[in-house]
There are 2 protein chains.
Amino acid sequence: MTHNPIYIIDGLQYCRWDRGVFEQMREGRVTAVHVTIAYWENFRETVANMQTWNRMFEDHSDLILHARSAGDVRDAAAQDKTAIIFGFQNCSPMEDDLGLIEVLYDLGARFMQLSYNNQSLLATGCYEADDPGITRFGKQAIREMNRLGLVIDMSHSAERSTLDAIDLSERPIAITHANPSFWEPALRNKSDRVLKALAESGGIIGFSLYPFHLKGNSDCTLEDFCTMAARAAEEIGVDHIGIGSDLCQGHDDSVVAWMRNGRWTRDTDFGEGSKSKPGWPDPVPWFKDNRDFGNVTQGLLDVGFDTEDVDKIMGLNWLHFFEESFSAHGG
Amino acid sequence: MTHNPIYIIDGLQYCRWDRGVFEQMREGRVTAVHVTIAYWENFRETVANMQTWNRMFEDHSDLILHARSAGDVRDAAAQDKTAIIFGFQNCSPMEDDLGLIEVLYDLGARFMQLSYNNQSLLATGCYEADDPGITRFGKQAIREMNRLGLVIDMSHSAERSTLDAIDLSERPIAITHANPSFWEPALRNKSDRVLKALAESGGIIGFSLYPFHLKGNSDCTLEDFCTMAARAAEEIGVDHIGIGSDLCQGHDDSVVAWMRNGRWTRDTDFGEGSKSKPGWPDPVPWFKDNRDFGNVTQGLLDVGFDTEDVDKIMGLNWLHFFEESFSAHGG
């Protein structure tokens, strides 16, 4: 490889984590990963998932550490470990209780989506027909998340709710894993209007490598993906883009069914898939696991980014976002 | 008053906390208080109690702060605030789940009694007829508490379990609120054997001002209490004693009934009281609330302690114990 980015930080993964995955993270020189620890889990179930992670931090302390701050991410880099940052793809862990936001923050949560595909108590999801915007409870939650330093993530939220959240939040928000609609008009991808508002407010988007978010899906080429990144950089500025691979490695199809269906439907929801493609999509050949970030780095260089911009996209932008976002008053 | 101790640290209180109590803490120059936030509460109920405290930390941030380390206690002193340290008088918050110990530690718990009057899943309480010692689960819990820096408190535990805990724990333990049996032979007070083992292992006892733990109960004199402290200092060393007032201010009698009966009995357990005295005892006239620590300071001076030893008993011993106890590897 012609260039090693200073940091490699991934804005979202949901793997079947085990020592093998952590070893691949180290092989791929991955500095930090925002990991999903809840989709539909309630508070107690989310705590149980945190306990599972706590055991992994003990058992694999030579490979990973639990990061609660940008400083912890830097410490991980210095120790040749991968920093793990907790996040939720839905607000189910806080149930109907505003005070649980601080409890979850104290336990390490640093990202929370206000909704996941469906209407939540806080915001509308991207698969609902109508989007009435951020709810009354949602406004309270945004204020509390702002106070603590829990990042608002609108990856799976609908357009109006997302614009509302950007407007209502006093701190920059994130879209941890999605792509621009101008490139691939999936319901999960984001309009020019959202991207512009996001960037103007100091926010960041992590570009997804999940095939359903890619033009051509599993056949998407590295060059096409990186060309999209170049166009996005032109439109919203290279400081507001990063990677959020949405890597979902090692799970069987029951897991993607849980992500889509939770406990909310008797019908089967196929999400971005379909009845004929109900399971996980095949990964693109140039990004199968954590060892493949080097391909993305090279792809970005090949479409004309200089090394300074590649460093930003591959990690520095996320690190700076963490610095501003993960504590009560930034820093 | 002839002497102001460097720090005033109270090893245990369970008040009906509100702004008035916090103002009294400041008036009494109280640096830190270990507060009880669970007797019989399960995990979720304990979290709800933490949420109540989180709101109080916000609403009364001019008077109190949440302390998780000895450094936080020193910060409180520098800011003229009182540091609040969370603790449980029972192991009910961890339910039957070893992994909840780390979760509770992450949420700020720094003391946990292994049992409260009754047999628990971990240890025997002081009102049981027989004491089989620390249980299998208890041994695991002690190891986990040692690993994290969650202090083992045996105030309400029985003799053999307490000796076992001192022996099994790789770190010094605390008896946050009790007195020596040699002075007042209440079931809640501690034998010479326990006190000696406690001190030899580097532990600390906080002397209680709860009338049922005092010679003469509510009629106990300040001089008698301080003379007891002087004898204890001779027997186990002045470095191993402090104050753990057990101040229970402002509660009605339903609260002491909850403390004694939880959800475990259909009969009424009167604890240290009796059918004719079912409620809270009257406080001693020289220690009614947080403004009265000056009386204790003066009483200690009057029975012959020098100012250096008074500083230790009133706060420095606890601070040094916190320094050694509240993190994974001390410090």
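Keep in mind that this is a model prediction, so the values were computed, not measured.

Peer 1: When you look at the state of the cysteines in this model, what are you seeing that I'm missing?
Peer 2: By definition, a disulfide links two cysteine residues through a covalent bond between their sulfur atoms. All names here are of chain A. Enumeration over the complete set of coordinates arrives at zero disulfides over all chains. Take Cys226: it sits in no disulfide, and the sulfur closest to it among the cysteines is that of Cys220, at 8.9 Å. The thiol of Cys248 is not disulfide-bonded; the next cysteine sulfur, from Cys15, is found 6.8 Å away.

Peer 1: How should the pattern of salt bridges be read in this particular structure?
Peer 2: Oppositely charged side chains can pair when the atoms bearing their charge come close. All names here are of chain B. Under the defined criterion, the tally for this structure stands at 34 salt bridges over all chains. The partner of Asp224 in a salt bridge is Lys215, and the shortest N-O contact between them spans 3.9 Å. Under the relative-accessibility criterion, Lys215 is labelled partly exposed at 37%. Between Asp289 and Arg291 there is a salt bridge, and its shortest N-O distance comes to 2.6 Å. Given a relative accessible area of 40%, Arg291 falls into the partly exposed group.

Peer 1: Would you take a moment to explain the layout of surface pockets for this structure?
Peer 2: Gaps left between atoms are located by rolling a probe of water-molecule size over the structure's atoms. In this model, the largest pocket occupies a volume close to 590 Å³. Lining the largest pocket we find 22 residues, and of these A:Glu102, A:Tyr105, A:Asp106, A:Leu148 and A:Ala328 sit closest to its centre. Those elements that place two or more of their residues in the lining of the largest pocket are helix H4 (100-106) and helix H5 (136-148) of chain A together with helix H2 (43-59), strand E3 (64-66) and helix H4 (100-106) of chain B. In this structure, the second largest pocket occupies an estimated 390 Å³ of space.

Peer 1: Would you mind showing me how to read the relation of the copies chain A and chain B here?
Peer 2: Mapping chain A onto chain B calls for a screw motion: a turn of 180° about the axis and a shift of 0.0 Å along it, with 0.0 Å RMSD after fitting. On this basis, the relationship between the two copies can be described by a two-fold rotation axis. The overlap is high: 100% of the interface residues of chain A also sit at the interface in chain B, so the same surface is used on both sides.

What counts and what doesn't
- Residues numbered from 1 in each chain as written.
- Chains lettered and ligands numbered in written order.
- Predicted model: local features only at pLDDT ≥ 70, side-chain atom pairs only at ≥ 80, totals over all residues.
- Heavy atoms only, no water.
- Disulfide = S-S within 2.5 Å.
- Salt bridge = Lys/Arg side-chain N within 4 Å of Asp/Glu carboxyl O.
- Buried < 20%, exposed > 50% of the residue type's maximum accessible area, 1.4 Å probe, protein only.
- 1 Å grid on protein atoms, 1.4 Å probe; cavity = no way out; pocket = protein on both sides within 12 Å on 5 of 7 lines; lining within 4 Å.
- Points joined across faces, edges and corners; volume = space filled by probe spheres on them.
- Helix = DSSP H or I, 4+ residues; strand = E, 2+ residues; numbered from the N terminus.
- Least-squares fit on C-alpha atoms with pLDDT ≥ 70 in both.
- Contact = heavy atoms within 4.5 Å.

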